[in-house]
Amino acid sequence: MSQALKRVFVYGTLKKGEPNHHWLTSEKNGFSRLLAKGKTEIKFPLVIGTRYNIPFLLNKPGVGHNIEGEIYEVDDTMFSNLDVLEDYPRYYDRELQSILTNENEKLECWLYLIRNYPESMLAKPQLSSYSNRPEQPYSENYVQSKPEDLFTDS
């Protein structure tokens, strides 16, 4: 593999055992390899929103919790496919952030987050770690989700 690999931090449905993890494990989407578990060095609000119960990391640094997740190394093909899943740049944005591994090593990783959201999203329960739960199940109909759904969230 001659191309440079990128590190991506996943905190929601892409984590192992979660509904969209198959995106990272499907070879047709490209190459990915789990490097480590980690958490954001900076606190962010992680909330579940819209009728699809999607985990959203809101771009409000310093608010919320240090978010727990997984660090993957991915090739350009996988990175492009993750952009499709996250509807980047229309829905999610991405930026480089310092992620602390469980061994206290700092790694620069790409992180998907929401820049344009209503302030009311900050009133939702803020999580440090996401997991799909029966009382608030993630909807596979997320493909119908639009950025505007954030503003009609109940």
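As shown above, the structure is provided for reference.
Just so it is clear, the structure is predicted and the values come from calculations on it, not from any experiment.

A.B. asks: It is not clear to me how the overall build of the chain should be interpreted in this structure. Could you clarify?
C.D. replies: Secondary structure assignment for the chain yields two helices and seven strands. What you see in the chain, going N to C, is helices and strands ordered as β-α-β-β-β-β-α-β-β. Projecting the C-alpha coordinates of the chain onto the three principal axes gives extents of approximately 45 × 35 × 30 Å. When each of the 154 residues of the chain is scored for burial, the buried share is 50%. Within the chain, counting contacts between residues at least 6 apart in sequence, those at least 24 apart form 74% of the total.

A.B. asks: In this structure, what is going on with the nonpolar core? I would like to understand it.
C.D. replies: Across soluble globular proteins, you tend to see nonpolar side chains buried next to one another. With 40 residues, the main nonpolar core has Tyr11 and Phe56 as its most contacted residues. Of all the elements in the fold, those that place two or more residues in this core are strand S1 (6–10), helix H1 (22–25), strand S3 (46–49), strand S4 (54–57), strand S5 (65–74), helix H2 (76–85) and strand S7 (106–113). In this view, Phe56 contacts Pro45, Leu46, Val47, Gly49, Thr50, Tyr91, Tyr92, Ile114, Met121 and Leu150; residues no more than four positions away in its chain are not counted.

A.B. asks: Help me understand the sheet that holds strand S6 (residues 93–101), please; the structure alone is not making it clear to me.
C.D. replies: Sheets are built from strands paired through backbone hydrogen bonds, the pairs being either parallel or antiparallel. Strand order in the closed barrel formed by five strands is S1-S5-S2-S6-S7, and the pairing between neighbours is mixed. Recorded for the sheet is a direction-independent mean angle of 50° between the axes of neighbouring strands. Where S6 and S7 come together, eight bridges link them in antiparallel fashion. Following the sheet pairing, Glu95 is matched in S7 by Leu111.

A.B. asks: In this structure, what is going on with the packing of aromatic side chains? I would like to understand it.
C.D. replies: Ring pairs (aromatic) are described by centroid distance and by the angle formed between their planes. In total, this model carries four aromatic pairs according to the counting rule given. Where Tyr91 meets Tyr92, the ring centres are 5.6 Å apart and the plane angle is 50°; that geometry is what we call tilted. Joined through ring pairs, the aromatic side chains of Phe56, Tyr91 and Tyr92 make up one cluster. Across the ring face of Tyr88, the terminal group of Arg94 is positioned such that the distance to the ring centre comes to 4.1 Å.

Thresholds applied
- Residues numbered from 1 in each chain as written.
- Predicted model: local features only at pLDDT ≥ 70, side-chain atom pairs only at ≥ 80, totals over all residues.
- Heavy atoms only, no water.
- Helix = DSSP H or I, 4+ residues; strand = E, 2+ residues; numbered from the N terminus.
- Buried < 20%, exposed > 50% of the residue type's maximum accessible area, 1.4 Å probe, protein only.
- Contact = heavy atoms within 4.5 Å.
- Core = buried A, V, L, I, M, F, W, Y, C linked by side-chain atoms within 4.5 Å.
- Pairing = 2+ DSSP bridges.
- Axes fitted to C-alpha atoms, helices over the stretch in contact; angles between N-to-C directions.
- Phe/Tyr/Trp six-rings, centres within 6.5 Å; stacked < 30°, edge-to-face > 60°.
- Lys NZ or Arg CZ within 6 Å of the ring centre and 35° of its normal.

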